[in-house]
Amino acid sequence: QVQLVESGGGLVQAGGSLRLSCAASRNIFNLNTMGWFRQAPGNRRELVASITTGGITNYADSVRDRFTISRDNARNTLYLQMNSLRPEDTAVYYCNHRAALEIPRSSWGQGTQVIVSS
């Protein structure tokens, strides 16, 4: 049973910060590199950041030095600290294993909405 529950989104002004959380089912979280994805209206879903079980991180160029991904393996929870937010960061943010976009019929949560106003 796959369960992904994102939270922490909201409306912020440009330059502000948000901290997103993702509660994931153990079967997804335990052995996988996890990622945060986002999908803006009219755009394709894209990988924003990822973190391995050992804590190695990768970031899309668009968010590098502004966002920080982390994970708490004991709590099966993924986090995304977002600083210096820009209007172009506006999107629905999702968590999943890193390869979710590459595997057919992946299960996704409902995401959490982030709106950055100018």
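Residues numbered from 1 in each chain as written. Predicted model: local features only at pLDDT ≥ 70, side-chain atom pairs only at ≥ 80, totals over all residues. Heavy atoms only, no water.

*Asks:* Explain the overall build of the protein chain to me, using residue names and the numbers behind them.
*Replies:* Along the backbone of the protein chain there are one helix and 10 strands. Along the protein chain, from the amino end to the carboxyl end, the secondary structure elements read β-β-β-α-β-β-β-β-β-β-β. Here the protein chain has a C-alpha radius of gyration of 13 Å; the compact-globule value for 118 residues is 13 Å, and the two agree. Principal-axis analysis of the C-alpha atoms places the extent of the protein chain at approximately 40 × 25 × 25 Å. For the protein chain, the proportion of its 118 residues judged to be buried stands at 42%. Taking the contacts inside the protein chain whose residues are at least 6 apart along the sequence as the reference set, 54% of them involve residues at least 24 apart. Where the 12 positive side-chain charges of the protein chain centre and where its 8 negative ones centre are 6 Å apart. (Helix = DSSP H or I, 4+ residues; strand = E, 2+ residues; numbered from the N terminus. Rg over C-alpha atoms; globule rule 2.2 N^0.38 Å. Buried < 20%, exposed > 50% of the residue type's maximum accessible area, 1.4 Å probe, protein only. Contact = heavy atoms within 4.5 Å. Lys, Arg positive; Asp, Glu negative; His and termini not counted. Charge placed at Lys NZ, Arg CZ, Asp CG, Glu CD.)

*Asks:* So, the pattern of salt bridges: which residues are in play, and what are the values?
*Replies:* Within this structure, the stated rule accounts for six salt bridges. A salt bridge links Asp72 to Arg75; the nearest nitrogen and oxygen atoms lie 3.0 Å apart. Among the residues examined, Arg75 registers a relative accessible area of 61% and is labelled exposed. Salt bridges linked by common partners bring Arg38, Glu46, Arg66 and Asp89 together as one network. (Salt bridge = Lys/Arg side-chain N within 4 Å of Asp/Glu carboxyl O.)

*Asks:* Could you give an account of the sheet that holds strand β1 (residues 4-7), naming the residues involved and the relevant values?
*Replies:* Spatially, four strands are ordered β1-β3-β8-β7 in an open sheet, and the strand pairing comes out antiparallel. One side of each edge strand has no neighbouring strand; the edge strands of this open sheet are β1 and β7 (67-72). Strand after strand, the sheet turns through a mean of 15 degrees between neighbouring axes, direction not considered. Inspection of the sheet shows β1 paired to strand β3 (residues 18-24) by four bridges, in the antiparallel sense. By the bridge assignment, Val5 is partnered in β3 with Ala23. (Pairing = 2+ DSSP bridges. Axes fitted to C-alpha atoms, helices over the stretch in contact; angles between N-to-C directions.)

*Asks:* For unusual backbone geometry, give the residues involved together with the corresponding values.
*Replies:* A positive phi is found at Asp65, a non-glycine position, where the angle reads about 75 degrees. Counting through the fold element by element, Asp65 comes out in the loop between β6 (57-59) and β7. Look at Asp65 and you get exposed, because its relative accessible area is 78%.

*Asks:* Summarise the pairing of strand β8 (residues 77-82); cite the residues concerned and give the values.
*Replies:* In terms of residue burial, β8 counts as a mostly covered element, since five of its six residues are buried. Across six bridges, β3 lies against β8 in antiparallel orientation. Residue Cys22 lies in a different strand from β8, and its bridge partner there is Leu78. With six bridges connecting them, β7 and β8 associate as antiparallel partners. Directly across from Ser70, in β8, lies its bridge partner Tyr79. The hairpin formed by β7 and β8 contains four residues between the paired strands, and Asn76 there has a positive phi angle of roughly 50 degrees.

*Asks:* Explain the sheet that holds strand β10 (residues 112-117) to me, and be specific about the residues and the numbers.
*Replies:* Read across the sheet, six strands follow the order β2-β10-β9-β4-β5-β6 without closing on themselves; strand pairing throughout is mixed. With one partner strand each, in any of the chains shown, β2 (10-13) and β6 form the two edges of the open sheet. In this sheet, adjacent strand axes meet at a mean angle of 25 degrees when their direction is disregarded. In terms of strand pairing, strand β4 (residues 34-39) meets strand β5 (residues 46-51) through five bridges, oriented antiparallel. If you follow Arg38 over to β5, its bridge partner there is Glu46.

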